[in-house]
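What follows is the residue order along each chain.
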Amino acid sequence: MKTRIEKAYRFYKSQYPSQIAMFRIGDKCSAYLEDAEKLQAVFGGSGSSFSVPADTVYDFIRECSTKNLAVRLVSCRNHDGEFDVPDVETIENERNADY
């Protein structure tokens with residue numbers, strides 16, 4: 001079974017396959033899986049995620065653009081108003097209900 005972040009990652013990668021998907025979660029912005037590997041190859045690091053502080057993400061995105069890396073920043077707030085992983089199932093259900 002996939003975690004919420006894996007579901008969200010796959011959902012946004014299907015929408016924006018040529019861009020790196022970064023998610024604002026709390027006070028950081030993170031890329032996962034293949035996108036994390038791409039960023040680690042350029043900026044260093046290892047593991048299944050790559051994170052930068054949220055207050056520096058726009059500078060980081062500009063730096064990525066100088067290296068021909070397009071970034072899609074995904075920001076979603078939960079019911080408490082905190083930045084959190086998007087609930088893909090709800091997004092898909094609402095999208096289907098609209099059509």
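Just above sits the structure.
Residues numbered from 1 in each chain as written. Predicted model: local features only at pLDDT ≥ 70, side-chain atom pairs only at ≥ 80, totals over all residues. Heavy atoms only, no water.

Caption draft 1: Quick look at the overall build of the protein. Across its full length, the protein carries four helices and four strands. When the helices and strands of the protein are placed in sequence order, the string is α-β-β-α-β-α-β-α. The C-alpha radius of gyration of the protein comes to 14 Å, within 12% of the 13 Å expected for a compact globule of 99 residues. With respect to the three principal axes, the spread of C-alpha positions in the protein is 40 × 25 × 25 Å. (Helix = DSSP H or I, 4+ residues; strand = E, 2+ residues; numbered from the N terminus. Rg over C-alpha atoms; globule rule 2.2 N^0.38 Å.)

Caption draft 2: Structural view of the pairing of strand β2 (residues 28-32). Counting buried residues in β2 gives four out of five residues, a clear majority hidden from the surface. Alignment of strand β1 (residues 20-25) against β2, held across four bridges, turns out to be antiparallel. Pairing of Met22 across the sheet is with Ala31, part of β2. Counting the residues in the hairpin turn of β1 and β2 gives two residues, including Gly26, whose phi is positive at 65°. (Buried < 20%, exposed > 50% of the residue type's maximum accessible area, 1.4 Å probe, protein only. Pairing = 2+ DSSP bridges.)

Caption draft 3: Region of interest: unusual backbone geometry. Phi at Leu33 takes a positive value of approximately 50°, unusual for a residue other than glycine. Along the polypeptide, Leu33 turns up in helix α2 (residues 33-43). The phi dihedral of Asn68 falls on the positive side, at around 60°, and the residue is not glycine.

Caption draft 4: Region of interest: the packing of helix α1 (residues 4-15) against α2. Relative orientation of the contacting elements α1 and α2 amounts to 75°, with a least axis distance of 9 Å. If you check the angle between α1 and α2, you find them roughly perpendicular. On the side of α1, the interface is formed by Glu6, Tyr9, Arg10 and Lys13, while α2 contributes Leu33, Glu34, Asp35 and Lys38. Split into classes, the residues belonging to the contact of α1 with α2 amount to two nonpolar, no polar and six charged. (Axes fitted to C-alpha atoms, helices over the stretch in contact; angles between N-to-C directions. Parallel < 35°, antiparallel > 145°, perpendicular 65-115°, else oblique. Contact = heavy atoms within 4.5 Å. Nonpolar A, V, L, I, M, F, W, Y, C, P; charged D, E, K, R; others polar.)

Caption draft 5: Spotlight on the sheet that holds strand β4 (residues 71-75). With mixed pairing, four strands are arranged side by side in an open sheet as β3-β2-β1-β4. The open sheet has two edge strands, β3 (49-53) and β4, and neither has a second partner. Along the sheet, successive strands turn relative to each other by an average axial angle of 30°, direction set aside. With five bridges connecting them, β1 and β4 associate as parallel partners. Note that in β4 the partner of Ile20 across the bridge is Val71. Its contacts with the sheet put α1 on β1, β2 and β4, and the angle it makes with β1 is roughly 140°. Relative to β2, α2 is tilted by about 105°, and along the sheet it contacts β1, β2 and β3.

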